[in-house]
Amino acid sequence: MSVQNETPLPAGTLLALRAIGFGLWDPIGLNVDGEVWSGSPFEDEYDRYLLEVVARFLAGETADHLATYLCDIESVHMGLGLGISDKTASRASAAVREIGRLVEDLRTEDI
């Protein structure tokens, strides 16, 4: 189920989401050796998942559910594992925590 909406995000938000996605989550390992992802052909690879997390946070979903969502995306949708490893869960939780902070900042800016 997707809850993404069409509310435009403030300038810089997508860039911040991408930094979280590539810095903390990066399930398919595109940011090899800290490569610069900005401006690369794959910079938007995780956008739909990260934007979905933002929309679900704004709709009131919990961080635990959102971390599970990212784990499911990685292990099922992307087909990268038969189960959720501790490493997968840790990366997803770290990304969701940072996205949660970003969402709180957005809420204070009255998006």
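The paragraphs below set out a description of the structure included in this document. (Residues numbered from 1 in each chain as written. Predicted model: local features only at pLDDT ≥ 70, side-chain atom pairs only at ≥ 80, totals over all residues. Heavy atoms only, no water.)

### Notes on the packing of helix α2 (residues 47-58) against helix α4 (residues 86-108)
Point 1. At a minimum axis distance of 10 Å, the contact between α2 and α4 shows a crossing angle of 55 degrees. As judged from the angle between their axes, α2 and α4 are oblique. The two elements α2 and α4 cross, and the hand of that crossing is right-handed. Across the interface between the two elements, Leu50, Val53, Val54, Phe57 and Leu58 from α2 touch Val96, Ile99, Gly100, Val103 and Arg107 from α4.
Point 2. For the contact of α2 with α4, the residue count by class is 8 nonpolar, 1 polar and 1 charged. (Axes fitted to C-alpha atoms, helices over the stretch in contact; angles between N-to-C directions. Helix = DSSP H or I, 4+ residues; strand = E, 2+ residues; numbered from the N terminus. Parallel < 35°, antiparallel > 145°, perpendicular 65-115°, else oblique. Left-handed = near helix turned anticlockwise from the far one by under 90°. Contact = heavy atoms within 4.5 Å. Nonpolar A, V, L, I, M, F, W, Y, C, P; charged D, E, K, R; others polar.)

### Side note on the pattern of salt bridges
Point 1. A complete count under the given rule lists 7 salt bridges for this structure.
Point 2. With its nearest N and O atoms 3.6 Å apart, the salt bridge here joins Glu61 to Arg56.
Point 3. Residues Glu74 and Arg91 are paired through a salt bridge, measuring 2.5 Å at the closest nitrogen-oxygen approach. Of this pair, Glu74 sits in helix α3 (residues 63-77) while Arg91 is found in helix α4, placing the two residues 17 residues apart along the sequence. (Salt bridge = Lys/Arg side-chain N within 4 Å of Asp/Glu carboxyl O.)

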